[in-house]
Amino acid sequence: MNKTWLLYKTMFRDGFNFTFKTKQGRKSVLLLVVICLVVLIYMGIYGMMAWMAFEQGQFVMTIRSLLMIISVLLVLMLMASFPSTYYFSKDLPILLAMPVKSREIINAKTLMIFSMVGPIVLALVMTFVVAAAKSSMVPALQAWMLLIYGLSSSVATVFILGSLIVLLMRFIPFFRSKDKFVILMGLFSVVLVIAMLAAVYGNMPMDAAGSEDDFNVVVALGGSIPVYLFPAAWAAFEGIAAPSLWTFLLNAAVLAAGYGMFQLLVSRFYLVAATSAMGSAAKKHKDKSNKRMSGSLLMLFSRVDLYELIRTPAYLSNNVLGAFLLPVAFAVPVFMILHQTGLDSTQISLMVDSLLEQYDLSLFWVAVLVGMAVGYLAGGSTAVTQTAITREASAGVAWMKSIPVPMEKQLQAKINVALLLSMLCSLILIGVIVYMTGFRWASVFGAILGALVSCYLSCQTSLLVDIYHPKLDWEDEMSAVKNNLNVLFGMMVSFLMAMVIGLGAWGVYALSHSLTMAIVAVFIIQILLVVLLWKIPARMFWKYLGNTTA
């Protein structure tokens, strides 16, 4: 056990670098503190929503939704982190040569997996537990069961999914290639989101779908969530909804079976597959000295950065394919609900016109507002500028400083690539909205204009985050974009900026009593911020990365 703990501490320190001894470590700690504060704010918001749901008697639906969210999150996170930690990590040859048992290596890596997924699961469960404890409609016993079974089912799900991955790696050699695996993982993530949303909204009863009562619709959606697809989540739901000795034994059996199956499979099959797994192909160094540089420098660097994202499997899976999860998650429910309710764009368009007339609003400016909201969602979820400097590594940063190209152009190229992907996601979302409300030039142009400004501002601020705190020392491309706090922090900065600008708009509305003036104010504020931040990335680069060497 001592060797297991020692191995785990070494892996944790190398992976997360939370220390006060170095400047980079202090930045990591500061970033972690800020993220924790933001997470607490979101926990408060979602906790209040959960408490309101409990007070309205929606306990069963809410718990089923929570368990389903945790299960899907674990699938997505483990598909990325489990193979990278167990099979494609470059420390395995070193560990095998050390005087430690294979069981100790496996246990240390298992603790690393729980360190990655555990905080998110714990935050989700504790948010709902506190809401249940505060609600007068939830018995204390069920609140305690929510805590116990919510955590135990998550642990069991990790063991069950880990066992499935071990079997895939052992008996299907195709998956032992990291480049192939990460591409399949990205495609699987998109397919999983579509399948789960289709299962949820496709099973909604017709009477509930056509109901004008939001409560009936929400309860119907909760009742249609296929929690039975995950054995641990199903057992936890039974134990929370109807606590008894039988459900306690059921949850204990699922946890014990998951742990026993995991230990049995990894002890027999792990080392055989891990020693033959192939990592990513060596990354080619950038060398433009012998190449003809045609076209503008800005377009050239943008094209190179885009090609790198597409040609590198880890980046393609996480930065490109992962960026389209949000529009897919939005589009599928819309089409399913429209199909269930029988609504068409003409009916929705008439309702929109009625609301615009009631509040004396311009269609163009409302479309701009919708586009700005879409842009922040797309820009925050596209983890391109959040990892733009990280993906260069120390050698790439040194190369950027050595070439006779202004740093403003190099960084602008990275913003352009992120803006391209963000706008593609925004156009999908806008297209879905236009499909719902009907095509009108004013709404289409306004939405695209609003999305363009907010996407650009989101990309700017995300790049500043990665310049301030890049992860330049990484083993492979997957470790550069996965378990990178900058991705989460960049998303939070985008969403918080949207909230702050929204508060400013509320202040304008309080003074002018005009919603149109408030929207115009938001749009102008964002343009001013884009102009003010125009030169900041290059200045920050030289300030924080000026001494970086290869």
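Here is what the cut-offs are and how they apply
Residues numbered from 1 in each chain as written. Predicted model: local features only at pLDDT ≥ 70, side-chain atom pairs only at ≥ 80, totals over all residues. Heavy atoms only, no water. Helix = DSSP H or I, 4+ residues; strand = E, 2+ residues; numbered from the N terminus. Buried < 20%, exposed > 50% of the residue type's maximum accessible area, 1.4 Å probe, protein only. Contact = heavy atoms within 4.5 Å. Areas by Shrake-Rupley, 256 points an atom, 1.4 Å probe, with all protein chains shown as cover. Phe/Tyr/Trp six-rings, centres within 6.5 Å; stacked < 30°, edge-to-face > 60°. Lys NZ or Arg CZ within 6 Å of the ring centre and 35° of its normal. Core = buried A, V, L, I, M, F, W, Y, C linked by side-chain atoms within 4.5 Å. Patch = residues over 30% accessible without salt bridge, like charges linked within 9 Å, V, L, I, M, F, W, Y side chains within 5 Å. Salt bridge = Lys/Arg side-chain N within 4 Å of Asp/Glu carboxyl O. Axes fitted to C-alpha atoms, helices over the stretch in contact; angles between N-to-C directions. Parallel < 35°, antiparallel > 145°, perpendicular 65-115°, else oblique. Left-handed = near helix turned anticlockwise from the far one by under 90°. Expected span 1.5 Å × (residues − 1). pLDDT = per-residue confidence, 0-100. Polar contact = N/O pair within 3.5 Å; in protein donor to acceptor, adjacent residues only side chain to side chain. Disulfide = S-S within 2.5 Å.

**A look at the overall build of the protein**
A count of helices and strands for the protein gives 23 helices and zero strands. Put simply, the protein has 550 residues, and 49% of those count as buried. Counting contacts in the protein only where the partners sit at least 6 residues apart, residues at least 24 apart contribute 83% of the total. When the accessible area of the protein is evaluated, it comes to approximately 26,300 Å², of which 71% is carbon and sulfur surface.

**Details of the side chain of Thr85**
For Thr85, the position within the fold is in helix α3 (residues 59-86). For Thr85, the contacting residues outside a window of four places in its chain are Lys109, Met112, Ile113 and Met116.

**Let's talk about the packing of aromatic side chains**
Under the definition given, this model contains 18 aromatic pairs. A centroid spacing of 5.3 Å and a plane angle of 40° characterise the contact between Trp5 and Tyr8, whose relative ring orientation is tilted. With Trp5 and Tyr8 both in helix α1 (residues 2-16) and three residues apart, the pair spans about one turn of that helix. According to the relative accessible area criterion, Tyr8 is buried, its value standing at 13%. Here the aromatic rings of Tyr87 and Tyr270 are separated by 5.4 Å at their centres, their planes lie at 65°, and the arrangement is edge-to-face. One end of the pair, Tyr87, is in the loop between α3 and α4 (92-97); the other, Tyr270, is in helix α11 (residues 245-274), and 183 residues separate them in sequence. For the pair shown, Tyr87 and Tyr270 are each scored as buried. Over the ring of Phe171 we find Arg170; its NZ or CZ atom is 5.2 Å from the centre of that ring.

**A word on the nonpolar core**
Counting residues in hydrophobic clusters, the biggest one holds 126 residues, and the most contacted among them are Phe54, Tyr87, Ile389, Leu411 and Phe541. With 14 residues, the single largest contributor to this core is α3. Ignoring anything within four residues of it in the chain, the contact list for Phe541 reads Ile389, Val397, Met400, Lys401, Met407, Leu411, Ile467 and Gly546.

**Quick word on the environment of Ser349**
With respect to the secondary-structure elements, Ser349 resides in helix α15 (residues 345-358). Along the sequence, Ser349 and Phe439 sit 90 residues apart, while their C-alpha atoms lie 9.3 Å from each other. The contacts of Ser349, once residues within four sequence positions are left out, are Thr437 and Arg440.

**Description of a nonpolar patch on the surface**
Side chains of Leu164, Leu167, Leu168, Phe171, Ile172, Phe174, Leu184 and Leu187 sit close together on the surface and give an oily, nonpolar patch of about 660 Å² of accessible area. Mapped by element, the contributors of at least two residues to the nonpolar patch are α6 (140-171) and α7 (178-202). Among the elements that line the nonpolar patch, the one with the most residues is α6, at four residues. Looking at where Ile172 falls in the secondary structure, it is placed in the loop between α6 and α7. Residue classification places Ile172 among the partly exposed residues on the basis of a relative accessible area of 34%.

**Let's talk about the environment of Trp474**
Looking at the secondary structure, you find Trp474 in the loop between α19 (441-468) and α20 (477-481). For Trp474, a relative accessible area of 18% translates into the label buried. Sequence-wise, Trp474 and Ser394 are 80 residues apart; in three dimensions their C-alpha atoms are separated by 9.3 Å.

**Here we look at unusual backbone geometry**
Backbone geometry at Ala393 places phi at a positive 65°, although glycine is not the residue there. Accessibility expressed as a relative area gives 15% for Ala393, which makes it buried.

**Here's the deal with the pattern of salt bridges**
Applying the stated criterion to the full structure yields three salt bridges. Of the charged contacts in the structure, one is a salt bridge between Lys414 and Glu392, with a shortest N-O distance of 2.6 Å. Of the two residues, Lys414 is situated in helix α18 (residues 407-437) and Glu392 in the loop between α16 (363-381) and α17 (393-402); the sequence distance between them amounts to 22 residues. You'll find Lys414 and Glu392 in the same group, each marked buried.

**Digging into the packing of helix α10 (residues 231-241) against α11**
Helix-helix packing: each pair is described by the crossing angle between the helix axes and the interaxial distance. The interhelical angle for the contact between α10 and α11, taken along N-to-C directions, is 160°, at an axis separation of 9 Å. Between α10 and α11, the angle is such that the two are roughly antiparallel. With respect to the hand of their crossing, α10 and α11 are arranged in left-handed fashion. Here α10 contributes Pro231, Ala232, Trp234, Ala235, Ala236, Glu238 and Gly239 to the contact with α11, which in turn contributes Thr247, Leu250, Asn251 and Val254.

**Describing α10**
Taken residue by residue, α10 has Ala232, Ala233, Ala235, Ala236, Phe237, Gly239 and Ile240 as its buried positions. Buried residues belonging to α10 abut α3, α6 and α11.

**A short note on helix α22 (residues 515-532)**
Along its 18 residues, α22 runs 26 Å from first to last C-alpha, staying within 8% of the 26 Å computed at 1.5 Å per residue. Within the sequence span of α22, burial applies to Ala518, Ile519, Ala521, Val522, Phe523, Gln526 and Val530. In this structure, the buried side of α22 is in contact with α16, α19 and α21 (485-512).

**Things to note about the packing of α3 against helix α5 (residues 102-134)**
Where α3 contacts α5, the two axes come as close as 10 Å, and the packing angle between them is 155°. If you check the angle between α3 and α5, you find them roughly antiparallel. Considering only the axes of α3 and α5, their crossing is right-handed. Taken together, the residues of α5 that come into contact with α3 (itself represented by Thr62, Leu66, Ile69, Ile70, Leu73, Leu74, Met77, Leu78, Ser81, Phe82, Thr85 and Tyr86) are Ile106, Lys109, Thr110, Met112, Ile113, Met116, Val117, Ile120, Val121, Leu124, Val125 and Phe128.

**Digging into the confidence of the model for the protein**
Of the residues in the protein, 83% reach a pLDDT of 70 or more, and the chain-wide mean stands at 79. Long-range and interchain partners of residues 281-294, a stretch whose pLDDT sits below 50, account for 13 contacts in this model, where long-range means more than four residues apart.

**What to know about the side chain of Ser153**
Mapped onto the fold, Ser153 is located in helix α6. For Ser153, the side chain forms a polar contact with the main-chain oxygen of Tyr149, separated by 2.8 Å.

**What about the state of the cysteines?**
Inspection of the entire model under this criterion finds zero disulfides. Considering cysteine sulfurs only, Cys455 is the nearest to Cys425, which forms no disulfide, with 8.3 Å between them. What makes Cys425 buried here is its relative accessible area of 1%.

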